[in-house]
Amino acid sequence: MSETIWVIPLIPLLSSVMLMLFGSRLKITHIGFLGVASVGISALLTLVLAVEFMQNQQIIQESLWTWMEVAGFAPGISFYFDGLTLVMMSVITGVGFLIHLFSTEFMEKDPSYARYFAYLNMFVAAMLVLVMADNLLLLYLGWEGVGVCSYLLVGFWYQHNANGQAARKAFIVTRIGDTAMALGLLLLFTELGTLDIQAMVGAANQTWQIGDSIPLIACLLIICGAVGKSAQLPLHTWLPDAMAGPTPVSALIHAATMVTAGVYLIARTHGLFLLAPTAMTVVAVIGIATSLMAAFTALMQTDIKRILAYSTISQIGYMFLALGVGAWSAGIFHLMTHAFFKALLFLGSGAIIHCLHHEHNIFKMGGLRTRMPVTFWSFMIGSAALAALPMTSGFFSKDQILLQAYQLPDLGPGLWMAGLLGALLTAIYSFRLVFVVFFGEANTEPDKDTGWRMAVPLSVLCFLAMIGGYFMIPVAEVFPASDGSHPAHWVEYVSISVPLVGLLVAYLVFFNRRLNIDGLANSTVGKSLGNFWLSGWGIDWLYDHLFVRPYYGLANLLKSEPVDGIYGLIVALNQTFNHWLSAAQSGRMRWYLASMVAGLIILITLAANLSTGVLQ
Amino acid sequence: MLEIVFFYIAATVALIATVMAMTRANAIHALIYLIVSLLAVAVIFFLIGAPFAAALEIVIYAGAIMVLFVFVIMMLNLGEKGDKQERQWLKPGIWAGPAILSVILLVELLIVIGDVKGPVSVSAVSAKEVGLSLFGPYVLAVEIAAMLLLAGLVGSFHLGRRYLERDHIEKGSSQ
Amino acid sequence: MDGLNIPLNHILLVSSLLFAIGMLGLMIRRNIIFILMSLEVMLNAAALAFVAAGAHWGQPDGQVVFMLILTVAAAEVAVGLGLVLQVQKRFKTLDMDHANRMQG
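Note that the coordinates shown come from a computational prediction; the quantities given were computed from them, not determined experimentally.

Participant: Residues and numbers for the overall build of chain C, please.
Facilitator: Along the backbone of chain C there are 3 helices and 0 strands. Across chain C, helices and strands are ordered from the amino to the carboxyl terminus as α-α-α. For chain C, the proportion of its 104 residues judged to be buried stands at 61%. Within chain C, contacts between residues at least 6 apart in sequence are counted, and of these 49% link residues at least 24 apart.

Structure, rendered in structure tokens:
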């Protein structure tokens, strides 16, 4: 198996190509089978690979062929496999397989069934290439590949203009980050002469000292790419809008895998970031700021998917925080557990939306606990993990992050406290969601509970979200070991208790209504603050006024082609002369004659001057 | 000396006759003045020793070509109305611009020929000499002239025939 | 018969004057018949210059060119008068300003 890891991304790619070419001629069952089975085989192969890796801890480096060779620049189509890659591959293929299975029921009625699975398979292939790439250029290929698939899937129901707009927004906003990242790659290549990640990190450590400016610039550019892809401040605005896509897509791309690509990228190039402590601080600050901002915003949202979207942004903020404080393995661990419970939540919301005829507003749901038991328990477990209640998977990963953040000198306690506030908010908004949707009075009547193809993935993910915290992710070889010291016990106790407080608050406010916040919410300050949070801190508004409208203004200005005006002037001059000359063409004989005589006079003058000089 | 006097008289007649021809309103009157002018030029030809040219000037120019004009004017049958029209067109305002142009050109020509010195040749050039050079070195020019005349013949026949035919057809259709 | 002492430049002066008058007529007249007449005058003026120059050098070439000019004039008048008939037929006038359909 270890000789042929390239098969793993190849299978979904082949399936995708087949679906694109022959999708319209296949039966629905065959399409679904092809789409699910291809990812399933990849998942199985990954499992085999994982078992092998657990036994021999062998890093695999596999080069297929040289992609291109120009003046010493020879990136290969080559794969690199270690513990980090294994974690990412497991998440992608495992969660991906479950989501594919879920999709077969969710998308059953959709006329573009084949197109959907073609995109989804292609996404899995691109994402696998991204995490398996041995050099940054191949990684960039996968990076752009998932971007394209994200664009295609967000705009999957392109018949509605808003969906197309959301897709474009997702594509363009991430493109800003990608451009910066491409610049970072170019900088790294010109400075180090290679883009092979391992060789590059080695060369960087030999060339630069800690705190040099070039690695700082390179890291900042890479951060830009990661921030765009992972929807962190200030490029996060595309993710809530990207919820326009089908819900399983949101689960796979915008929760479990693609949006965590930025985290993976930073973790993969951590050797560089260790050379630039400032860049790491930037990562941590971006992470915690995003986390808090998104958590506050999630508190106020009413659309179930937008709540989850902001929660995703917030959780990725935690991962960034982990990376920023050097808790690499904790960050990746949180990435994995987050993939489990967030996919679970998204699929659960997908099930609700599916059974409630595309109802997104949580206040129009309510009382679903008894009628959709599978979904209810999925949501309970998912929310518990999201809120990091003890013994759930989210608890272990988030706890690690917060503890390691606390140990950071100078900034540490501050980051820890902000992280705690975020955790409190997370607990409140996740259980607000649960209480509003599943308890209280029923507002709508669902058709039925989910079918088995939805129930199985939900159950498996429930299981994973519960026990995911006990997994030992094999990344010890990849990252530098932490010093192993533990902060004081009270820090740990506080970290544990905060989500419980959040749960209590949510219970009091949204379940038994002992704690009435209506007065607070209706006061002027409360209202304006609520609206401010609802609008995502007005960042969309700000960007609209700061970038979009000036750009439209510029475009409108350029639409009238001011530069062409110069050439238009030449044209106008020519036309004027032409007009004059054609006016001279009056059709009147005597006018012609007079002109001829005038010309004759000039000619004779010239001739006399030139030949004889008589007139001089 | 007599020749010189004759020359100036002939030149004066030619110029006056031409001016008159150009300013008449009636086409026939103008034509007669033009014939006078041509005859005067023929006299000049005779005086400067080109008798053959003088003869041709009278026979072909003043004779054949001018008769053509007369025929056409007769066919057109212009009458009094045409004369009035012509007089209206001959207002001084119309004269001014062309006159200035012509005077400028004339002055230029005069300046250019100003330094031409000497009298014309003592001996006359006889018709024989002209004939010899016509069918000697200039034979190609003669042939080209023949072709030109043929083309003029065909062209005028074509134009005139269509004129007549259409007239005929219109008459036929109106009946 | 033998031309004595007539200065060449005087003949050329007459020729130039005739040419200028012809040109003036060409420019001011609107009647196509007068335009043709003016052309005749101009051609004749040119012919006079040629003959005078030929006489000045005692060569027959001047008269040869005169004959060529004569043929040109004959052909031109033949075609021109044919056109006069057509103009009269089509426009019911001899005013050349009416025949201005070729204006730009």
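Picking up where we left off.
Participant: Can you lay out the overall build of chain A for me, pointing to particular residues and giving the numbers?
Facilitator: Per the secondary structure count, chain A includes 25 helices and 2 strands. Residue burial in chain A is summarised as follows: out of 616 residues, 50% are buried. Counting only contacts in chain A whose residues sit at least 6 apart along the sequence, the fraction spanning at least 24 positions is 80%.

Participant: Help me get a handle on the interface of chain B and chain C, residues and values and all.
Facilitator: Each partner contributes residues to the interface: chain B has 70 residues there, and chain C has 65 residues. Counting residues per element, the ones that place at least two in the side of chain B that touches chain C are α1 (2-23), α2 (27-47), α3 (51-76), α4 (79-89), α5 (92-113), α6 (127-134) and α7 (139-174) of chain B. Per element, the largest residue contribution to the side of chain B that touches chain C is 13 residues, and it comes from α7 of chain B. For the side of chain B that touches chain C, the class distribution of residues is 55 nonpolar, 11 polar and 4 charged.

Participant: If you had to explain the nonpolar core to someone new, which residues and values would you point to?
Facilitator: Formed by 199 residues in total, the largest nonpolar core has its most connected members in A343 and L344 of chain A. If one sorts the elements of this core by residue count, helix α4 (residues 113-132) of chain A sits on top with 18 residues. Those residues in contact with A343 of chain A that lie beyond four places of it in its chain are V95, I99, A251, A255, A256 and L461 of chain A. Listed in part, the 86 residues of the second largest apolar core include V130 of chain B together with I11, L26 and M27 of chain C.

Participant: Break down helix α11 (residues 261-268) of chain A for me, with residues and values.
Facilitator: Across the 8 residues of α11 of chain A, 8 count as buried, placing the element largely inside the fold. Within the span of α11 of chain A, buried status applies to A261, G262, V263, Y264, L265, I266, A267 and R268 of chain A.

Participant: So what's going on with the interface of chain A and chain C? Which residues, and what values?
Facilitator: Counting residues at the interface gives 11 residues for chain A, matched by 11 residues for chain C. Where the side of chain A that touches chain C is concerned, the elements lending two or more residues are α24 (562-584) and α25 (589-612) of chain A. Split by residue class, the side of chain A that touches chain C holds 5 nonpolar, 4 polar and 2 charged.

Participant: Residues and numbers for the packing of helix α8 (residues 213-229) of chain A against helix α13 (residues 277-300) of chain A, please.
Facilitator: How two helices pack is summed up by the angle between their axes together with the distance between the axes. All names here are of chain A. Viewed as axis vectors pointing N to C, α8 and α13 meet at an angle of 25 degrees, and their least axial separation amounts to 9 Å. As summarised for this structure, α8 and α13 are arranged roughly parallel, according to the angle between their axes. Of the two possible hands of crossing, α8 and α13 adopt the one that is right-handed. Counted together, L216, C219, L220, I223 and V227 of α8 and T278, A279, V282, V283 and I286 of α13 form the full contact between these two elements.

Participant: Give a description of the packing of helix α1 (residues 8-28) of chain C against helix α2 (residues 32-57) of chain C that names residues and reports values.
Facilitator: Residues and elements named next belong to chain C. Where α1 contacts α2, the axes come no closer than 8 Å and their chain directions differ by 165 degrees. Overall, the two elements α1 and α2 adopt an arrangement that is roughly antiparallel. Read as a crossing pair, α1 and α2 show a hand that is left-handed. Residues belonging to the contact of α1 with α2 are distributed by class as follows: 19 nonpolar, 6 polar and no charged.

Participant: Break down the confidence of the model for chain C for me, citing the residues and quoting the values.
Facilitator: Overall, the prediction assigns chain C a mean pLDDT of 85, with 92% of residues at 70 or greater. Reported confidences for the modelled complex are a pTM of 0.65 and an ipTM of 0.88.

Participant: Which residues make up unusual backbone geometry, and what are the values?
Facilitator: All names here are of chain A. Of note, the amide linkage connecting L233 to P234 takes the cis form, showing an omega dihedral of 0 degrees. Relative to the helices and strands, P234 resides in the loop between α8 and α9 (238-241). Positive phi, close to 50 degrees, is recorded for Q57, a residue that is not glycine. Tracing the sequence through the fold places Q57 in the loop between α2 (28-56) and β1 (60-66). With a phi angle near 65 degrees, A388 is a residue other than glycine that sits in the positive phi range.

Participant: I'd love a proper account of the environment of M20 of chain A, names of residues and values included.
Facilitator: All names here are of chain A. With respect to the helices and strands, the residue M20 is situated in helix α1 (residues 7-22). The class of M20 is partly exposed, set by 16 C-beta atoms lying within 10 Å. Between the C-alpha atom of M20 and that of Y119, which follows or precedes it by 99 residues, the distance is 8.6 Å.

Participant: Give me the lowdown on the environment of W143 of chain A, citing residues and values where you can.
Facilitator: All names here are of chain A. Tracing the backbone through its elements, the reader meets W143 in helix α5 (residues 136-154). Taking the C-alpha atoms as reference, W143 lies 9.9 Å from L128; in sequence the two are 15 residues apart. Residue contacts for W143: discarding those within four places in its chain leaves L130, D178 and A261.

Participant: Before we move on, can you summarise the environment of I9 of chain B with the specific residues and values?
Facilitator: Structurally, I9 of chain B is set in helix α1. Taking C-alpha positions, I9 of chain B is 9.8 Å from V43 of chain B, a pair spaced 34 residues apart along the chain.

What counts and what doesn't
Residues numbered from 1 in each chain as written. Chains lettered and ligands numbered in written order. Predicted model: local features only at pLDDT ≥ 70, side-chain atom pairs only at ≥ 80, totals over all residues. Helix = DSSP H or I, 4+ residues; strand = E, 2+ residues; numbered from the N terminus. Buried ≥ 20, exposed ≤ 12 C-beta atoms within 10 Å, placed from the backbone. Contact = placed C-beta atoms within 7 Å. Nonpolar A, V, L, I, M, F, W, Y, C, P; charged D, E, K, R; others polar. Core = buried A, V, L, I, M, F, W, Y, C linked by C-beta atoms within 7 Å. Axes fitted to C-alpha atoms, helices over the stretch in contact; angles between N-to-C directions. Parallel < 35°, antiparallel > 145°, perpendicular 65-115°, else oblique. Left-handed = near helix turned anticlockwise from the far one by under 90°. pLDDT = per-residue confidence, 0-100.

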